[in-house]
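Now for the letters of each chain:
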Amino acid sequence: MDLEAEADLTRCGALKDFWYVACLSTELKPGEPLARTLFGTGVVLFRDVQGQPTALRDRCLHRNARLSRGAVFNGRIGCPYHGWVYDASGAVVEVPSLGPSQRSELLDADACAREGLATAPCALGRLTRFPTLEQDGLVFVYMGGAEPARSAPFRVPYWDQEGWTVYFMVTRFPNGVTNLVENFMDVPHTLFVHPGWFRRPASKRVPATVRRTAGSVLVTYKQAQDTVTGLGRLFNPRGLPLLHTDKFYVPNVTRVDYLWGEHGFVINSQCTPIGPTDSLVYTAISYRLPVDVPGALVGRAMMPLVRWYTRQVIQQDVVIMDIQREALLDGPGGGVYSGTEADLHHADIEAYRRWLREGGQGSGPEDAERDMAFWI
Ligand code: FES
Ligand SMILES: [Fe+2]
């Protein structure tokens, strides 16, 4: 696994040819710039006059100051150093040192000549502008080339669906995307990293099938009754049969479903690479509880408890990802992995991501379906 290349815009191959979450809709406030780093590249986000998200390269054309440290006004952004102003297309529309005649206007070359401007702001170039899209409470950015994205942005499960509650958690993880999606799709670690939070050690063999198809890896656990503890117990007091599936979607999304009947929990994580071993993870937690369960009568009111619980679990994963990173970066040889049956789906994830990093030509890893098993 080449962590460096995976998170570098110039070396990540087709990994960049997808929509990535840049921020929550609520994080992008009108009139305020927001700085993000994706694939090692600084991006400034702000809302234009219509309120639509705009994403520009976060580096002033003049002397390269950080635009995200400047101000947003009238859907434009001004550099904090010498005040150059850019519109939402990335064009320079004002250079204060050129005097008052060109202020607040995007003058074309003729108009600049009429005004007697030796240098026209519009001739000073344009910042790279990245397409954006806002959907399901998330702002996505596309940093791929001229080709359209390889797939549409991932839809947040049960967003805006009757009876379901959805909330987001944003977490900075000290590791790269491949290791994170593997962690989010991994059951055996729960006994060690989250002891007692999900499951108690049951000395039980868990059979599962792993299906790799069309850029996704689906793991279906064939357990008639998973022994979920913690909040799972509270929300499924009758112990209805639980359907547990883990799914990965190229290049950076996981979806974990714990469903019983019409109810359950769905945990969707979208990972955005900042650099080789740093990522921002946008976790959408969707849940629907049986209305006749006393605890669920207060549906939304339980959110603080659910949030607290999920925050604890995520923090435990942050710690283990940091522990993994420390050894990964400890001299040569990091990133060479070995595995057993319990890691079949991890190998599939790596195969897809390697294929994309190498350019994503052809149809990629062939479809496959295999059985696996592990003990928990
Ligand atoms: S560096 Fe941005 S205006 Fe000078
Ligand atoms: Fe975990």
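Predicted model only: the values in this text are computed from it and were never measured. (Residues numbered from 1 in each chain as written. Chains lettered and ligands numbered in written order. Predicted model: local features only at pLDDT ≥ 70, side-chain atom pairs only at ≥ 80, totals over all residues. Heavy atoms only, no water.)

## Observations regarding the coordination of the iron ion (ligand 2)
The reference angle at a metal is 109.5 degrees if four donors form a tetrahedron and 90 or 180 degrees if six donors form an octahedron. We apply this condition: Here the coordinating atoms are restricted to nitrogen, oxygen and sulfur within 2.8 Å of the metal centre, or 3.2 Å for Na, K and Ca, and because water is not among them the sites may look incomplete. Under the classification used here, a metal with four donors is tetrahedral if each angle lies between 85 and 135 degrees, square planar if opposite donors are over 155 degrees apart and the others between 65 and 115, a six-donor metal meeting that same test is octahedral, and anything else is irregular. Counting from the N terminus, the helices are DSSP H or I runs at least four residues long and the strands are E runs at least two residues long. Working definition: with a 1.4 Å probe on protein chains only, accessible area under 20% of the residue-type maximum means buried, over 50% means exposed, and in between means partly exposed.
Coordination of the iron ion (ligand 2) by the protein involves His189 (NE2), His194 (NE2), Asp317 (OD) and Asp317 (OD), with metal-donor separations of 2.1 to 2.3 Å. One can describe the site at the iron ion (ligand 2) as irregular: its four donor atoms subtend angles covering 58 to 151° at the metal. All donors of the iron ion (ligand 2) belong to a single chain; written as a sequence motif, their spacing is H-x4-H-x122-D. Note that His194 is positioned in the loop between α4 (190–193) and β13 (205–213) and Asp317 in helix α6 (residues 303–328), a separation of 123 residues in sequence. His194 sits in the buried class, given a relative accessible area of 1%.

## Comments concerning the sheet that holds strand β4 (residues 53–57)
Note the threshold: When DSSP finds two or more bridges between a pair of strands, those strands are recorded as paired.
One open sheet accounts for four strands, arranged β2-β3-β4-β9; its pairing is antiparallel. Only two strands of the sheet have a single partner each, and these edge strands are β2 (34–38) and β9 (129–130). Pairing of β2 with strand β3 (residues 41–47) involves five bridges; the strand directions are antiparallel. Bridge pairing in β3 links Ala35 to Val44.

## Details of the pairing of strand β15 (residues 243–249)
As paired elements, strand β14 (residues 216–221) and β15 share five bridges and run antiparallel to each other. Across the sheet, residue Leu218 finds its bridge partner in β15, namely Lys247. Pairing of β15 with strand β16 (residues 253–260) involves seven bridges; the strand directions are antiparallel. The residue of β16 that forms the bridge with Thr245 is Asp257. Between β15 and β16, which follow one another and run antiparallel, lie three residues.

## Here we look at helix α7 (residues 344–357)
Cut-off, in case you're wondering: Given the number of residues in a helix, its expected span is that number minus one, multiplied by 1.5 Å. We call two residues in contact whenever any of their non-hydrogen atoms come within 4.5 Å of each other.
Its 14 residues place the ends of α7 20 Å apart at the C-alpha level, agreeing with the 20 Å of an ideal helix rising 1.5 Å per residue. Within α7, twelve of the 14 residues are buried, which leaves it mostly tucked inside the rest of the structure. Three or more residues of α7 are buried, namely Leu344, His345, His346, Asp348, Ile349, Glu350, Ala351, Tyr352, Arg353, Trp355, Leu356 and Arg357. Buried-residue contacts for α7 involve α1 (3–6), α3 (177–184), β13, β14, β15 and β19 (368–375).

## Concerning unusual backbone geometry
In this chain, Val250 is followed by Pro251 through a cis amide linkage whose omega measures -5°. Looking at where Pro251 falls in the secondary structure, it is placed in the loop between β15 and β16. Its identity is not glycine, yet Phe39 carries a phi of approximately 50°, on the positive side. Mapped onto the secondary structure, Phe39 falls in the loop between β2 and β3. One non-glycine residue, Asn74, adopts positive backbone phi at about 50°. Secondary-structure assignment places Asn74 in the loop between β5 (71–73) and β6 (76–78).

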